[in-house]
Structure formats: structure tokens, C-alpha cells
Amino acid sequence: MEIFQYDFMIRALIASSLVGLICPLMGMFIVFKKLSLIGDSLSHIALSGICGATIMGVNPILGSLVASSLAAILIDRLRTSLKEYADLSIAIIMALGVGISGILISISNVNFDLFSFMYGSIATVNNDDIIIIIITSIVIVGFVKLFFKELLFITFDEENAKFSKIPVKFINTIFMILVAASITITLRIVGVLLVSSLIAIPVATSLKVAKSFKNAIFYSILFGEIAIIGGVIVSFYLDLVPGGTIVIISVLQLLVVSLFSKYKNRKNIDLVLNK
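The notes below deal with the structure included here.

Parameters and conventions
Residues numbered from 1 in each chain as written. Predicted model: local features only at pLDDT ≥ 70, side-chain atom pairs only at ≥ 80, totals over all residues. Heavy atoms only, no water. Helix = DSSP H or I, 4+ residues; strand = E, 2+ residues; numbered from the N terminus. Buried < 20%, exposed > 50% of the residue type's maximum accessible area, 1.4 Å probe, protein only. Polar contact = N/O pair within 3.5 Å; in protein donor to acceptor, adjacent residues only side chain to side chain. Contact = heavy atoms within 4.5 Å. Expected span 1.5 Å × (residues − 1). Arc of directions from axis to C-beta. Core = buried A, V, L, I, M, F, W, Y, C linked by side-chain atoms within 4.5 Å.

It is worth spelling out the side chain of Ser-182 at this point. In this fold, Ser-182 is placed in helix α9 (residues 168–190). Note on Ser-182: relative accessible area 1%, which makes it buried. One polar contact links the side chain of Ser-182 to the main-chain carbonyl oxygen of Val-179, over a distance of 2.7 Å. Residues within four places of Ser-182 in sequence aside, it is in contact with Ile-22, Cys-23, Met-26 and Ile-140.

Pasting the structure below:
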């Protein structure tokens, strides 16, 4: 196939397959924690990290990882202190990220492709990025596997988890840092403006067909992989922006699954009524 003749496409497909695994995996916990918009918030902070790293001549992914990790910890602290208005923490950090990145872009004399960071670019993924993405993916999967029961307990009943002597603060802090990491490594493929869609939409689609939490994780990863790998391939052949293509495929999956689920439920009701 023509697509495998290009090194940058092989790198993009490797990165995409890993991103398609970890974003929906983390997304399951994020959605049930009611933090679906955290992707938008941290991606804007990550953009400021990218700008800062570019000015200093450092790998942009490392810069965005540091910035978004610090922001994720701050969101968690604000969420805890503003329990009744937890969503405000996300809005505050998002505004901060937009402000900082705007200032850095305006004062910087460094020329970099801002559009590729906003909407994603399969051509910008390099070997250093692949190494960072692989290491991050291993850490995230290992963390979820090691603390799965604790994460599940904290996600659905954080207060009782504290009374059960689960190290809630520690686990939440590590979790938020890894959320930041998953968002950071997704920016190259999907872009700042669309990264939250890869976290939320596959999860929403999986909930239409899943029968348990673990089952939902499996389906969300499946839908995520189809969307991101399919989006990268389609964007290559049609010369489209990868982020937008991935989101459109994700939304189409949600629509098709929703219609199928609705048809299946109606058919089951008809069978019951006709008995």
C-alpha cells in the first residue's frame, strides 16, 4: 500500500494506535467524574507549553506535558475546594491557558506551524514523539491496571473511598497528571481544538452498547481506534486535516450506533408486545 511507503505515515499510524487506546481508556473515568471538558482546558494550557518550549528550543511535547500536568493538578485542587462549582476550575484554567498562549505567541519571534498544533498534522510526528508516546502509553495502561479497583471506587463514590482508607488524594493527583499526558501526546494528531472529542465521543458511543463498565472500556477503545486510524488514513488520501476527519468519523460512529441501538430496542419491544 502507498501509505506504508512513507516513514511519516508509519510514525503517524503508530502514534494514532496508541492514542486511540489511552484517550478512551482515560476518558471512561473522566466522563463519569463529570470532567468531560477537561480536555479543552488542558489542551489550551498545553498550547502555552508548546509556545514556551518552542521559544526555549525544547521539544514541544515536553513543554506541553509540564504545563498541562501542573494545570491538571491545579484543576484537581480547585475542584476539591469548589465542590458545588467544580466546573469553574475547568473554565478558569482554560481562560488562563488561552491568555498565556496568546501572550507568548505575540511576543515570540520563533516561527512555528500554529495551524498544525490547532488541528493536528500527521507529518509533524517525529521519532522523539514516538518514544514519548510509547513510554506515556505504557505508564498509563500500567497505572489503570494497577489501581483499577481504587479508580472505580473513587470515580463513583469519592467520599466513601476516603473513609475506606484509599489514598484518594495521591491517586487523583497521579490520575490528573496522566490525563494531562494523554492529552499532550494527542495534540500532534488531533490538535488543540479537537482533543477533547477523542476523549468524550468514543465513550459516549460505547455507553450505547455496553453492559458493564469494563465492557464500555473495551467498546470505547474499539471506537477510538477506528476513528483515529481511519481518520489518519482518510486525511492522508484526501489531503484533509486529520483532527477534523477523526472527529467527523467519531460523530458518525455515534450516530450509527445510536440509530442501531434505538432500532434494536424498538424491535425488542415489538417482540414482547407480539407474544
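Additional details are given in the paragraphs that follow.
This next bit is on the environment of Val-168. Relative to the helices and strands, Val-168 resides in helix α9. Here Val-168 falls in the buried class, since its relative accessible area comes to 4%. Every residue in contact with Val-168, bar those within four places of it in the chain, is listed here: Ile-154, Glu-158, Ala-161 and Lys-162.

Taking 1.5 Å per residue, 21 residues should reach 30 Å; helix α4 (residues 87–107) reaches 31 Å between its end C-alpha atoms and fits that length. Within the sequence span of α4, burial applies to Ser-89, Ile-90, Ile-93, Gly-97, Ser-101 and Leu-104. Buried residues of α4, viewed axially, fall in a sector of 95°; they line one side. Facing away from the buried side of α4, by more than 90 degrees, are the exposed residues Asp-87, Ile-103, Ser-106 and Ile-107.

Membership of the largest hydrophobic core comes to 72 residues, with the highest contact counts inside it found for Ile-38, Leu-42 and Phe-175. Among residues more than four places away in sequence, those in contact with Phe-175 are Met-26, Phe-29, Ile-30, Lys-33, Phe-143 and Leu-151.

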